[in-house]
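For reference, the chains in residue letters:
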Amino acid sequence: MKSRLSAMKYIRNNKRTCIVLILSLALTFMAMYIVAFTLYTSVESIKPICLEAPKRISYVNPSYEAFGITEDKYPDAEERAAAFKNAQNTFIENLKKHDGIDDAYYVQVLNANYNGVVGGVGYEFPLVEPEKIPSALAHMDAEIIEGRYPEEAGEVLIDEIVMKNRGMKVGDWFEETNYGRVFKIVGKLRSDYMFCIGTPNGAYNCGWYITILCNELNSDFTRLANEFGLNITEDEDIDDINAYTRLYEKDIKDSIELIINIIILVVMIFLMISILVAYISFMRNRVNEYCLYASLGYSRKEIYQMIMREMLTMFLIGVIGGIIISIMLMFAFDELLIKPQGLISKWFMPDQILRIAGAFAMVIGLLQIPVLISIYKVKTIDMMED
């Protein structure tokens, strides 16, 4: 009774050839995963700004039309502006009384810039009077870990991650390239939302907004405004949870995932070509071996099963090796490159693992062509003489 053809015997007896193939598979897995890991750092890092902070704070600038103030009702420009100001102030006072809103005020804002590995995002923070800062920090669960509270005009508190990301420190001028020497960093904040705040300094700002310190239930401004009878359209200047979620999903996450998919596709094509060429050569060198098995009474099916066991074993070892190498590289990247830049990484990415698994499955499927051709050529021992 003939024994089952061993898949491991060839691997053990041809370590050099098999190790080269396994190492190629491991490095391919590592390359695809590390690329995804590096690029996805931007997605993960920007998430607190776009998906978490807007649950606690919104910036809105409703138009005249939102309050029902039109030229038909107020032909005179000054009268129209006065009516708008009055409606806006009334709206702010009503917001303050609304359950789930800690405070609301019409103030100047600045932009804090945050850079990912690819791209970045700019987001607003309020410029308020010094006495309003402690309550705003409490609402955003932020605390000063270095420096002091702003006391004079043009003093700001910046989140520690933003400062690390932008290469700033307490005592520097905030975004000097954009604003000049106007806003001085007097303190460092720690917050889950990368929150920043400061005091105004003349007319240096990025606009005036109604800043709403809200809870998650009131983070959708359109729904909130409808409760007060405002007519909010898509053209309104609103930065709430909906606006930031759209920004995150469309302009950040989807764009980066498209880049990742393209890179994986390119690597996969290269992998297919390389492994196809290697496996064709690999199997050509073993034709006589396969013919010998056939002469000993093994069927083509049994020879095919042995080849597939060898292939799957090497792919499995290659994937495991790739995971180990990836973990070591991710640790090194995290400590040396990502954390020092104030970025946030994500090590476990199931979607990327599935994509890579799909790519490897396609390679195995493609390899069926040369395998089946070789199996078809296997006949008897007389082929060993060719």
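The sections below set out a description of the structure shown in this document. It should be emphasised that the depicted structure is a prediction, and the values quoted were computed from it without experimental measurement.

Moving on, we get to the nonpolar core. For soluble globular proteins, nonpolar side chains are generally found buried alongside one another. One finds Phe125, Ile158, Phe174, Phe195, Tyr279 and Phe315 to be the most contacted residues of the largest nonpolar core, which totals 94 residues. The leading source of residues in this core is helix α2 (residues 15–52), at 18 residues. If you look at the next biggest cluster of nonpolar residues, it comprises 21 residues, including Ala87, Ala104, Phe221 and Ile238.

Moving on, we get to unusual backbone geometry. Its identity as a non-glycine residue notwithstanding, aspartate 141 has a phi of 50°, on the positive side. Considering the arrangement of structural elements, one finds aspartate 141 in the loop between α4 (133–139) and β4 (143–147). Notably, methionine 194 is not glycine yet its phi reads approximately 55°, a positive angle. Within the fold, methionine 194 resides in the loop between β6 (184–190) and β7 (197–198). For methionine 194, a relative accessible area of 1% puts it in the buried group.

Here we take up the pairing of strand β2 (residues 101–115). Two strands pair when backbone bridges link them, and β2 and strand β8 (residues 208–214) are joined in this way by seven bridges, in the antiparallel orientation. What sits directly across from valine 107, in β8, is tyrosine 209. Note: β2 against strand β3 (residues 120–127), eight bridges, orientation antiparallel. Residue pairing in the sheet places alanine 112 in a bridge with tyrosine 123 of β3.

Definitions and cut-offs
- Residues numbered from 1 in each chain as written.
- Predicted model: local features only at pLDDT ≥ 70, side-chain atom pairs only at ≥ 80, totals over all residues.
- Heavy atoms only, no water.
- Core = buried A, V, L, I, M, F, W, Y, C linked by side-chain atoms within 4.5 Å.
- Buried < 20%, exposed > 50% of the residue type's maximum accessible area, 1.4 Å probe, protein only.
- Helix = DSSP H or I, 4+ residues; strand = E, 2+ residues; numbered from the N terminus.
- Pairing = 2+ DSSP bridges.

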